[in-house]
Amino acid sequence: MLTDVLTGWTAETLGGLTLLAAAALGGWLRRRRSIRTAGSALVPAVAPPARTYTLLGVRAADGQPVHLPSSRPAGTRVAWSGPVGKREEFELTDAVLADGTYAAERLGLYRTY
């Protein structure tokens, strides 16, 4: 009688462990496949290159133009605080200046009605 109990218990335990291992392996494979397909569509392989923008109409204390590095695309509006604490908005453009930097136009100069 004890032999029957041990034999039945062993078979049930091994069967349960086999099912548990198969379910864990299937879940791991499904998660790995979904991460691979979703990750390739959402995350770009290469980060956008950083550009250096020259803030038009703004000079530093030493008289040199103010440069702003950014990886944002053209058409983005950015805020810049001057040395006095005055906050100005600029729009990044695709226009290349003579020194190789890109132009950032001041938005405060143009009134929009």
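Note: the structure precedes this text.
My aim in this report is to walk through the structure given alongside it, one point at a time.

Definitions and cut-offs
- Residues numbered from 1 in each chain as written.
- Predicted model: local features only at pLDDT ≥ 70, side-chain atom pairs only at ≥ 80, totals over all residues.
- Heavy atoms only, no water.
- Core = buried A, V, L, I, M, F, W, Y, C linked by side-chain atoms within 4.5 Å.
- Buried < 20%, exposed > 50% of the residue type's maximum accessible area, 1.4 Å probe, protein only.
- Helix = DSSP H or I, 4+ residues; strand = E, 2+ residues; numbered from the N terminus.
- Salt bridge = Lys/Arg side-chain N within 4 Å of Asp/Glu carboxyl O.
- Pairing = 2+ DSSP bridges.
- Axes fitted to C-alpha atoms, helices over the stretch in contact; angles between N-to-C directions.

What about the nonpolar core?
Here is step 1 of the chain: The biggest cluster of nonpolar side chains holds nine residues, and these are Tyr 53, Leu 55, Val 58, Val 66, Val 78, Trp 80, Phe 90, Leu 92 and Ala 104.
Here is step 2 of the chain: Counting only elements with at least two residues in this core, the list comes to strand S1 (51-59), strand S3 (77-81) and strand S4 (87-96).
Here is step 3 of the chain: Of all the elements, S1 adds the most residues to this core, at three residues.

Some points on the pattern of salt bridges
Here is step 1 of the chain: Scanning the entire structure with this criterion turns up two salt bridges.
Here is step 2 of the chain: The salt bridge partner of Arg 51 is Asp 94, with a shortest N-O separation of 2.8 Å. Here Arg 51, found in strand S1, pairs with Asp 94, found in strand S4; they are 43 residues apart in sequence, far enough to count as distant.
Here is step 3 of the chain: Among the residues examined, Arg 51 registers a relative accessible area of 25% and is labelled partly exposed.

A few points about the sheet that holds strand S2 (residues 65-70)
Here is step 1 of the chain: Strands sit in the order S2-S1-S5-S4-S3 across an open sheet of five strands; the sheet is mixed. Only two strands of the sheet have a single partner each, and these edge strands are S2 and S3. With direction set aside, neighbouring strand axes in the sheet form an average angle of 40 degrees.
Here is step 2 of the chain: The pairing of S1 with strand S5 (residues 102-106) spans three bridges and is parallel. Each bridged residue has a counterpart across the sheet, and for Thr 54 the counterpart in S5 is Ala 103.

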